[in-house]
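# Report on the structure
Read off the chains here:
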There are 2 protein chains.
Amino acid sequence: MKIALAQLNYHIANFKANSKKIIAHIDKAKDKNADLVIFSELGLCGYPPQDLLEQEDFIGETEKHIEIIAKASAGIAVIIGAPVINKSKQGKKLFNAALFIDNGKVAHIQAKTHLPTYDVFDEYRYFEHNTTFDIIEFKGKRIALTICEDLWDTQPVGNSFAKDKLYTVSPMEKYSAQNPDFVINIAASPFSYNQDDNRRNILVNNAVEYAIPIIYVNQVGAQTELIFDGGSMVLNKKGKVVKNLKHFEEDFLLIDVDEIDKLTEINQAPYERIAKIYDALVLGIRDYFSKMNFRTATLGLSGGIDSAVTLAIAAEALGSENLQVLLLPSKYSSDHSIKDAIDLAHNLGVKYEIISIEKIVSAFDGSLGKLFENLQPDIAEENIQARARGVLLMALSNKFGNILLNTSNKSEAAVGYSTLYGDMNGGLSVLGDVYKTDIFKLARYINRDSEIIPENTITKPPSAELRPDQKDSDSLPDYDTLDTILFNYIELKKSSADIASLGFDLDLVMKVISMVNRNEYKRFQSPPILRVSSKAFGFGRRMPLVAKY
Amino acid sequence: MKIALAQLNYHIANFKANSKKIIAHIDKAKDKNADLVIFSELGLCGYPPQDLLEQEDFIGETEKHIEIIAKASAGIAVIIGAPVINKSKQGKKLFNAALFIDNGKVAHIQAKTHLPTYDVFDEYRYFEHNTTFDIIEFKGKRIALTICEDLWDTQPVGNSFAKDKLYTVSPMEKYSAQNPDFVINIAASPFSYNQDDNRRNILVNNAVEYAIPIIYVNQVGAQTELIFDGGSMVLNKKGKVVKNLKHFEEDFLLIDVDEIDKLTEINQAPYERIAKIYDALVLGIRDYFSKMNFRTATLGLSGGIDSAVTLAIAAEALGSENLQVLLLPSKYSSDHSIKDAIDLAHNLGVKYEIISIEKIVSAFDGSLGKLFENLQPDIAEENIQARARGVLLMALSNKFGNILLNTSNKSEAAVGYSTLYGDMNGGLSVLGDVYKTDIFKLARYINRDSEIIPENTITKPPSAELRPDQKDSDSLPDYDTLDTILFNYIELKKSSADIASLGFDLDLVMKVISMVNRNEYKRFQSPPILRVSSKAFGFGRRMPLVAKY
């Protein structure tokens, strides 16, 4: 039996484009004499559709396009993910389903059992759990059809009070008792830099435990914060990966299921963490723009490393000709900052303008003079500079139809070392899930073949340049220390005592944690952040604002 | 048997303050010779604790304070809501539980069965469903102990494809089979202007269907967006409300359960929708400030109705002496706008300053002159004005430690008739869940005894005053039409065709819906919005940004 794996980039709610793309790949599979072609989880509507699932006309569109796809499936079988109505009188009114379409007819609907409802996932908000486990018989083969999380009941969970199994049912136990020939898993498994390892481990464990081949079809492409990295694969019954599809690109593979156990294990090329993050961010920017129907971007270049790395990634994603950057110096900007920024723009071939913010800041200070009389300059005046820049960048964005790219990093977003309505502005945060220490590594990666980011930008001490001789280290611990504390608190959710036991001063740890907690209100108004870690700021991390902790 | 109902205002994660308050009310109940005192759902930690539930030390604090409360409970029984660890090796690792503490010991733990996971609720993100239904025997009475949603399995759900029961189990059926004497329901049921009717109907239906008295203990107080309105009550077995507690205030009631069926139905005073919204917003502001440990607020007064109503509500919540407002006229501001704003400030006794934004706007325009050469003025220049105001207001906020109150209304938030980083600034949006047509009603309500908001502010045509003779009606349908379309789309989730069938032009309906959809990206960065409707913008409405619909 020949099976085609179609790893595609969908667009949420864009039924026409999605079904057109699906049908094109059905045709391609037919051309190659495939018996079955597999698309991924909720591929028809895009993932995650969020509250669009509550709109009746959204479900109507889904049903209409299922029919269109079924009609296009004469002479082949198709597996496609879509929401379907739960016809029972009780329970949530939708299932997250895999439809098995055979020769133009929906022959089987398999609903998802495990509905991830943690981190960025909200599936129980919309879907009822599946409780039936029927094998699909097709051309003499017995297929166990599963959806993403259905294979994840053994996943590792974080806390010491949550160390056991997350789910009370095991779909694979149910299927295994019915002697399937192979497992199909359709997925919407988003990228984080350790997720491809987790994913492979889960698939390997299932293949080995149940001694069964697994055909895994993920999707690719970014949907705002979430970046799907593809990496679909085929495993034999010994848990060896015998085929894999590309990362961060659409891909298509034809495989003969009867040959799976004859194939040898693939020698997977190492994929370094920083390279993965870079590739993810490029796709994240590219898809945000194309799916929002924008082409051009703006950002502010300070001469510092965050805006430099953002610009280099944006140039890769959108093309240098689609970028328009501003240098916005103040009296506190050092000469080298301006030079470094100009050098970078030249290296990338990006057009730039220099606008001094001095007159604007003076106008603000003058207007506030009476009100602020006899008061010492403080954070208020520093923020005026950052906000003046924010206004200028947004003026460019509004005038020319560019999206402003935010250049904040995860370390400063964590501790609130940023100005709301100033440098926090932007339609998309590119680096908001990348700690400062990793941004230095990204810069080195970008420069791996030639110097694109000026060496001085990488080596000089980081500074916000909002007052004379300011350095980040005036207000913050060194970034190695800060990032380690932050990672343990945010990603690993460790307590202050546990973090201190790693070798940090407890007062320092508590100071950092308190800064993180105190700045939830700022992050509440952050642009969407491209997610590359297992715990990004944004809708995967939901913290109360009015809490005392 | 004498039972005390303690309807309290908790603070998320403030275990010390919460348990101190709980113990004070245990003592009060003892003084009154109560046999049992009831607190509300997750009262010990505050509701909703969100992802703090994933922090091990948060659970540790909970356990420590359960012990402290148990020790304080000698000689009385206590029911208190708290998260407790699920000791099973499978499933989510917490329960949302009601603890029955008898004479200093936790005698029974009843977990919640129905975990609301829709709108603003995310309970299945954290908690495992309960599956055991044991009656508590206490002093000769058989008590069915339930938690909030456990009684809501018959709740009405929204869509025509979702019209049946949301849940597959009925806790009350399970309990009823065991002949309880009465039901206790502890709740964290947030306010919306139709929620108290829904809530009473649900309780009445349960009391009638199972012919049993119900003691219902809600909480009060705001936690950022969510405002808990209290309104705890006691119903007899005929479903008549025989006692009720205050709305929007802490309250305490002692009742003899053996007397419930002898009490007569309470004659409930009518509570008008606009009065409820007003009271909710006052509490919403007051608690946001007190729980964030702030006292003073800033806002920009334009002479228009939104900022006027915001200021009047803030004055009630915080006291006029804690408000500092700015009038920020431009060359497009009309004389009457400035006069109306000054009159309002005088009426409320609020100190104000006038700062013209002219010089600042000129400085921006001058700096951008070269870049914008030969281009027509457009939204870019309009937004500069709004953003210049935003910067000045934030400067005041930063300098004096005030929270900036956002004054946007729900109609403009819906269609994006607002400037990101301009009039969208603020720590809290007071009116972001109130349609413009209701803001006029709030203004009349505020003026019910005397003219606080100048009549001219209420009667003049709404205008953003960002260009000469601008009126809202240049860009938007009249507000009666707009708000009706918006309500049907946002609250009722109707399709464009269904809305048009109410008597609107389909093109107009589609234009409005398209404006709503296109502006998700702006609302993504909105301040938290006090929720007063059944569907507020914010975390109860989750829409994808990169969607095409």
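Cut-offs used in this document
Throughout this description, residue numbers start from 1 for each chain and increase along the sequence as written. Think of it this way: whatever chain is written first is A, whatever ligand is written first is 1, and the rest follow in order. For this predicted model, a pLDDT threshold of at least 70 governs which residues receive local features, and a threshold of 80 or more governs which side-chain atom pairs are given and counted, while totals over whole chains, interfaces and linings are taken from all residues. Excluded from the side-chain calculation are hydrogens and water; included are all heavy atoms of the structure. Contact criterion: two residues are considered in contact whenever any of their non-hydrogen atoms come within 4.5 Å of each other. Summed over both partners, the accessible area lost on bringing two parts together, with a 1.4 Å probe, is the buried area. The term salt bridge refers to a pairing of a side-chain nitrogen on Lys or Arg with a carboxyl oxygen on Asp or Glu at a separation within 4 Å. Contacts described as polar in this section are N or O atom pairs within 3.5 Å, which, within protein, must combine one atom able to donate a hydrogen with one able to accept it, while residues neighboring in sequence count only if both atoms come from side chains. The fit set for superposing copies consists of C-alpha atoms from residues with pLDDT of at least 70 in both; the fit itself is least squares. Per the convention used, a helix needs a DSSP run of H or I reaching at least four residues, while a strand needs a run of E reaching at least two, with both numbered from the N terminus. Two aromatic rings, drawn from Phe, Tyr or Trp (for Trp, its six-membered ring), form a pair once their centres lie within 6.5 Å of each other, and the interplanar angle then sorts them: stacked below 30 degrees, edge-to-face above 60, tilted otherwise. When accessible area is computed with a 1.4 Å probe and restricted to protein chains, residues below 20% of their type maximum are described as buried, those above 50% as exposed, and intermediate ones as partly exposed. Should the NZ of a Lys or the CZ of an Arg lie within 6 Å of a ring centre and within 35 degrees of the ring normal, that charge is described as sitting over the ring. A helix's residues, less one, multiplied by 1.5 Å, set its expected span. All axes are obtained by fitting lines to C-alpha atoms, using only the stretch in contact for helices, and the reported angles, taken between N-to-C directions, cover 0 to 180 degrees. Should an angle fall under 35 degrees it is taken as roughly parallel, and over 145 as roughly antiparallel, whereas 65 to 115 is taken as roughly perpendicular and any remaining angle as oblique. Each crossing gets its hand from how the near helix is turned against the far one by less than a right angle, where anticlockwise is left-handed and clockwise is right-handed. Lys, Arg, Asp and Glu make up the charged group, whereas Ala, Val, Leu, Ile, Met, Phe, Trp, Tyr, Cys and Pro make up the nonpolar group; the residues left over, Gly among them, are polar. The rule for pairing is simple: two strands pair if DSSP sees at least two bridges between them.

### Considerations on the interface of chain A and chain B
Across the boundary between the two partners, chain A contributes 108 residues, which contact 108 residues of chain B. Together, the buried faces of chain A and chain B total about 9,200 Å²; carbon and sulfur atoms form 61% of this surface. Inspection of the chain A/chain B interface yields 10 salt bridges. A salt bridge links Lys 399 of chain B to Asp 378 of chain A; its shortest N-O distance comes to 3.1 Å. The tally of links from chain A across to chain B stands at 34 residue pairs in polar contact (both at pLDDT 80 or more).

### Comments concerning the relation of the copies chain A and chain B
Turning chain A through 180 degrees and shifting it by 0.0 Å along the axis lays it on chain B, with an RMSD of 0.0 Å. Expressed as an axis order, the relation between the two copies is that of a two-fold axis. Among all residues of chain A, the one whose C-alpha sits closest to the rotation axis is Gln 525 of chain A, at a distance of 2.2 Å. Most of the interface of chain A is mirrored in chain B, where 100% of its interface residues again form contacts.

### Some thoughts on the environment of Asp 340 of chain A
Residues and elements named next belong to chain A. Within the secondary structure, Asp 340 sits in helix H7 (residues 335-348). Along the backbone, Asp 340 and Ala 308 are 32 residues apart, and their C-alpha atoms lie at a distance of 9.1 Å. Not counting residues up to four positions away in its chain, the partners in contact with Asp 340 are Gly 303, Pro 454, Asn 456, Thr 457 and Lys 460.

### A closer look at the packing of aromatic side chains
Between two aromatic rings, the relevant description is the distance of the centres plus the angle of the planes. Following the criterion strictly, the structure yields 24 aromatic pairs over all chains and no others. Their ring planes at 70 degrees and their centres at 5.3 Å tell us that Phe 191 of chain A and Phe 248 of chain A sit as a pair that is edge-to-face. Taken together, the residues span a long stretch of sequence, with Phe 191 of chain A in the loop between strand S8 (182-186) and helix H4 (195-210) and Phe 248 of chain A in the loop between strand S13 (241-244) and strand S14 (251-256) at a distance of 57 residues. The same class applies to Phe 191 of chain A and to Phe 248 of chain A, which are both buried. Arranged with centres 5.8 Å apart and planes meeting at 75 degrees, the rings of Phe 400 of chain A and Phe 372 of chain B form a pair that is edge-to-face. Separated into two different chains, Phe 400 of chain A in helix H9 (residues 379-400) and Phe 372 of chain B in the loop between helix H8 (358-368) and helix H9 (379-400) make up a pair that spans both. Using a relative accessible area of 32% as the deciding quantity, one classes Phe 400 of chain A as partly exposed. A relative accessible area of 8% places Phe 372 of chain B in the buried class. Over the face of the ring belonging to Phe 372 of chain B we find Lys 399 of chain A, whose NZ or CZ atom lies 5.0 Å from the ring centre. The ring of Phe 537 of chain A has Arg 523 of chain A sitting right over it, with the charged end atom 4.4 Å from the ring centre.

### Things to note about H7 of chain A
Residues and elements named next belong to chain A. In this model, H7 (14 residues) spans 20 Å end to end at C-alpha, consistent with the 20 Å of a helix rising 1.5 Å per residue. Of all the positions in H7, only Ser 337, Asp 340, Ala 341, Ile 342, Leu 344, Ala 345 and Leu 348 are classed as buried. The elements touched by buried residues of H7 are strand S15 (297-301), helix H6 (305-318), strand S16 (323-327), strand S17 (351-354) and helix H12 (455-459). Of the residues trailing H7, Gly 349 is marked for its positive phi of about 70 degrees.

### Observations regarding the packing of helix H6 (residues 305-318) of chain B against helix H11 (residues 436-446) of chain B
All names here are of chain B. Interhelical geometry of H6 versus H11 gives an angle of 50 degrees and a closest axis separation of 10 Å. Our classification of the angle between H6 and H11 gives oblique. As H6 runs across H11, the sense of the crossing is left-handed. From H6, Ile 305, Asp 306, Val 309, Ala 312 and Ile 313 reach across to H11, where they touch Lys 436, Ile 439, Phe 440, Leu 442, Ala 443 and Ile 446. Split by residue class, the contact of H6 with H11 holds 9 nonpolar, no polar and 2 charged.

### Some thoughts on the sheet that holds strand S4 (residues 94-102) of chain A
Either a parallel or an antiparallel arrangement is found when strands of a sheet pair, and the pairing is made through backbone hydrogen bonds. Residues and elements named next belong to chain A. The strand order across the open sheet built from 6 strands is S5-S4-S3-S2-S1-S14, with neighbouring strands paired in mixed fashion. One side of each edge strand has no neighbouring strand; the edge strands of this open sheet are strand S5 (105-111) and S14. With strand direction ignored, the average angle separating the axes of adjacent strands in the sheet is 30 degrees. Across 3 bridges, strand S2 (residues 36-38) lies against strand S3 (residues 77-85) in parallel orientation. Across the sheet, residue Leu 36 finds its bridge partner in S3, namely Ala 77. On top of the sheet, helix H2 (residues 56-71) reaches S3, S4 and S5; it is set at about 165 degrees to S3, its chief contact.

### Re the pattern of salt bridges
Pairing between side chains becomes possible if they bear opposite charge and their charged atoms approach one another. Applying the stated rule across the entire model yields 66 salt bridges over all chains. The partner of Arg 542 of chain A in a salt bridge is Asp 122 of chain B, with the nearest N and O atoms 3.2 Å apart. With one member in each of two chains, Arg 542 of chain A in the segment after helix H17 (520-523) and Asp 122 of chain B in the loop between strand S5 (105-111) and strand S6 (136-138) form a pair that bridges those chains. The pair formed by Arg 542 of chain A and Asp 122 of chain B is uniform in burial state, with each residue classed as buried. When the shortest N-O distance is used, the salt bridge between Lys 139 of chain B and Asp 35 of chain B registers 2.9 Å. Separated by 104 residues along the polypeptide, Lys 139 of chain B in the loop between S6 and strand S7 (141-147) and Asp 35 of chain B in the loop between helix H1 (15-31) and strand S2 (36-38) bring together distant segments of the chain. Note on Lys 139 of chain B: relative accessible area 56%, which makes it exposed. Taking relative accessible area as the criterion, Asp 35 of chain B reaches 17% and is therefore assigned buried. Here the residues in one salt-bridge network are Asp 122 and Arg 542 of chain A together with Asp 122 and Arg 542 of chain B, joined through shared partners.

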